[in-house]
Amino acid sequence: MDVVYPPKDTERFRQTLVTKKSAALRKNRNRNQDIIVTCTRSALWSLSIVLMLLVSPSIWRTPTSSTSRLFVRAFAFTASSPRSSRLGRLNHHQKYPISATRLQVSTNPLTNGDKTFATMTNGVAVPEKYEFTEADKYLFDLNGYVIVRGVLSPEEIQEVNQIVDKHEGDMVERMDQELRNAAKDSALYGTGPGRKDLGRCLEWGADSRIFKSVLAHPKLVPFFHGILGKGYRMDHLPFIIAQDKGAEGFQLHGGTIDCVSGEYNPHLAYSCNHGMIRSNLLGCNVMLVDHNEGDGGFCVVAGSHKANFKMPKGMVDGEEQYSDFIRQPATKAGDVVLFSEGTVHGAMAWTAVHQRRACLYRFAPATNAYGRSYFGHEGGGWPKGIYDDLTETEKAVLEPPFANRLDRPNIADDGSVEMTTRNERKKQHDRDVFGTKYF
């Protein structure tokens, strides 16, 4: 057997072994420190969440809360630290991947209406983006309406119904015959009680926070942009619709071609040209209670936004022979039904034991107007109480109708507000010619 001897320079050989061993020890020590530090930070973060929620469940939703900002920053620091990044790579090689975790960081509906959503991907918080997808476009173009699920959270629904309870005494029931919405003894009439309306839901101070959040809700803005275009605006004052058991619904109405007269209705018209959807008036029905199948409430004739003729006699009153064509979508509290006013719609009599509640908004493209409350009842602008505690995105939705290029604030895709404008020379030319800022 051959014997292999160490190099003649034994001291150099020994030093080489010591150096390699020391390097291996330092590498293991650094790896262990990474694991300990990251696990400690994760544990502290988890404990912070528990303590925060125990102290105040609403703290997440309060952008003015220094505590909520501190926790968000602490989490971002932990997720982005070099040690966390090295640990992520280490776990990947050791086949212990870090799972993606969904985190909703809300700058809340209860305080300023803007919501920011984030998703944890490989330990890094990235904004969650909502879209008006190709599927949404197809379904809206096909049916004339679309349902956006879970826009308001269960906590928001509970709070908003408590607020409505406080104002229930201000509801106005439609009892006079001139105010009834359905023909007597028709299928939509119910057993007699009138519908109840509750207005001024944007003028209740802090109690209006959730209602105001709908104006520029991040889950809805992509739909508003896709259906109305950028620079969309609130067109009607929103109000809450309530129906007790047996209360009347609403005769079918609307249509690009008016369902009763058969005449073209440009104020409500729907169009789709070169892939661009536009609805001249969009209904936004925020469901505050469950609307189960057969309960009644909002109903629609799917596809009627493209109809070319008026309805057959009796269909607007929901006669039995046409019932298969009148659809009552089943929705849960927090869902939002967006429908073109060019789609024939109405409401069925309410049959459930619990009171029906929905908040109805209408929005329009930047240059369109149906309602006139934006003129102001006392000289300029919407009712003053609406402007209290609005975010910049919400204020942008309250602009009067005019073209985007004339200094109109637009909500950008990232949720910020950008001003669309012309160059300064053209503006100066208008002042020179007309003596005013705008032509």
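Each remark here, short or long, concerns the structure printed above.
Analysis parameters
- Per-chain numbering applies: the sequence of each chain, read as written, is numbered from 1 onward.
- Under the rules for a predicted model, residues below a pLDDT of 70 receive no local features and side-chain atom pairs below 80 are neither given nor counted, while totals for whole chains, interfaces and linings still include all residues.
- As a rule here, side-chain values come from all non-hydrogen atoms in the structure, and water together with hydrogens is ignored.
- Secondary structure elements follow DSSP: runs of H or I of four or more residues count as helices, runs of E of two or more count as strands, with numbering from the N terminus.
- Think of it in three bands: residues with accessible area under 20% of the maximum for their type are buried, residues over 50% are exposed, and the middle band is partly exposed, with areas taken using a 1.4 Å probe on protein chains only.
- Per-residue accessibility takes into account occlusion by the displayed protein chains alone, with areas from the Shrake-Rupley method and a 1.4 Å probe.
- Any two strands between which DSSP finds at least two bridges are classified as paired.
- Think of each axis as a best-fit line through the C-alpha atoms, taken over the contacting stretch in the case of a helix, with angles from 0 to 180 degrees between the N-to-C directions.
- Here, residues are in contact when the closest pair of their heavy atoms is within 4.5 Å.
- Take a side-chain nitrogen of Lys or Arg and a carboxyl oxygen of Asp or Glu: if they are within 4 Å of each other, that pair is a salt bridge.
- The term polar contact refers here to a pair of N or O atoms within 3.5 Å; inside protein, the definition further demands a hydrogen-donor-capable atom paired with an acceptor-capable atom, and it admits residues adjacent in sequence only when both atoms are side-chain atoms.
- Classification of ring pairs uses Phe, Tyr and Trp, with its six-membered ring standing for Trp, and accepts pairs whose centres are within 6.5 Å; under 30 degrees between planes counts as stacked, over 60 as edge-to-face, and the remaining range as tilted.

A.B. asks: How would you summarise the overall build of the protein if you had to cite specific residues and measurements?
C.D. replies: Helices and strands together make up the secondary structure of the protein, namely nine helices and 18 strands. Going through the 439 residues of the protein one by one, you find that 45% of them count as buried. Carbon and sulfur atoms provide 56% of the accessible area of the protein, an area that totals close to 23600 Å².

A.B. asks: Could you give me a rundown of the sheet that holds strand E15 (residues 345–348), with the residues and numbers involved?
C.D. replies: Adjacent strands of a sheet pair through backbone hydrogen bonds, lying either parallel or antiparallel. Spatial strand order, E9-E15-E13: three strands in an open sheet with antiparallel pairing. Two strands bound the open sheet, and with one partner strand each, they are strand E9 (250–253) and strand E13 (297–300). Across the sheet, the axes of successive neighbouring strands diverge by a mean angle of 30 degrees, strand direction being ignored. Direction of pairing for E9 relative to E15: antiparallel, over a ladder of two bridges. Residue pairing across strands places Phe250 opposite Ala347, the latter belonging to E15.

A.B. asks: Requested: an account of the environment of Gly226, with residues and values cited.
C.D. replies: Mapped onto the secondary structure, Gly226 falls in helix H7 (residues 221–228). In this structure, the C-alpha to C-alpha distance between Gly226 and Thr133, residues 93 residues apart in sequence, is 9.1 Å. Excluding residues that lie within four positions of it along the chain, Gly226 makes contacts with Phe132, Ile277 and Arg278.

A.B. asks: Describe in detail the pattern of salt bridges, supporting the description with residues and values.
C.D. replies: Per the stated rule, a full pass over the model turns up 20 salt bridges. In this structure, Asp290 and Lys332 form a salt bridge, with 3.8 Å as the shortest nitrogen-oxygen distance. In this pair, Asp290 is assigned in the loop between strand E12 (282–287) and E13 and Lys332 in the loop between E13 and strand E14 (336–340), connecting sequence segments 42 residues apart. Here Asp290 falls in the partly exposed class, since its relative accessible area comes to 28%. By relative accessible area, Lys332 is classed as partly exposed at 45%.

A.B. asks: A description of the pairing of strand E16 (residues 356–364) should follow, citing residues and the corresponding values.
C.D. replies: Most of E16 sits out of view: nine of its nine residues are buried. Alternating positions in E16 separate into two faces, Arg356, Ala358, Leu360, Arg362 and Ala364 on one and Arg357, Cys359, Tyr361 and Phe363 on the other, with burial throughout. Pairing of strand E8 (residues 239–243) with E16, which is carried by five bridges, proceeds in the antiparallel orientation. Each bridged residue has a counterpart across the sheet, and for Phe239 the counterpart in E16 is Leu360. Bridge analysis of E12 against E16 gives six bridges, and the strand direction is antiparallel. Each bridged residue has a counterpart across the sheet, and for Leu282 the counterpart in E16 is Phe363.

A.B. asks: Go over H7, please, and point to the residues and values.
C.D. replies: Of all the eight residues making up H7, eight are buried; the element is thus mostly covered by neighbouring parts of the structure. Turning to H7, its buried residues are Val221, Pro222, Phe223, Phe224, His225, Gly226, Ile227 and Leu228. Phi turns positive one or two residues past the end of H7, at Gly229, with a value near 90 degrees.

A.B. asks: Tell me what's going on with the environment of Val151, and back it up with residues and numbers.
C.D. replies: Relative to the elements of secondary structure, Val151 occurs in the loop between strand E4 (145–148) and helix H5 (154–166). Taking the relative accessible area as the measure of exposure, Val151 reaches 2% and is therefore buried. The sequence separation of Val151 and Asp335 amounts to 184 residues, and the corresponding C-alpha distance is 5.6 Å.

A.B. asks: So what's going on with the side chain of Arg233? Which residues, and what values?
C.D. replies: Considering the arrangement of structural elements, one finds Arg233 in strand E7 (residues 233–234). According to the relative accessible area criterion, Arg233 is buried, its value standing at 0%. Reaching out from Arg233, the side chain makes a polar contact with the backbone oxygen of Asn368 at a distance of 2.8 Å.

A.B. asks: Tell me about the packing of aromatic side chains, and please be specific about residues and values.
C.D. replies: Each aromatic ring pair is specified by the distance between its two centres and by the angle formed by the two planes. Under the counting rule described, the total for this entry stands at nine aromatic pairs. Taking the centre distance of 5.9 Å and the plane angle of 80 degrees together, the rings of Tyr232 and Phe363 count as edge-to-face. One end of the pair, Tyr232, is in the loop between H7 and E7; the other, Phe363, is in strand E16, with 131 residues separating them in the sequence. According to the relative accessible area criterion, Phe363 is buried, its value standing at 0%. When the ring of Tyr361 is compared with that of Phe363, the centres are 6.0 Å apart and the planes differ by 5 degrees; the resulting orientation is stacked. The two residues Tyr361 and Phe363 agree in class, both being buried.

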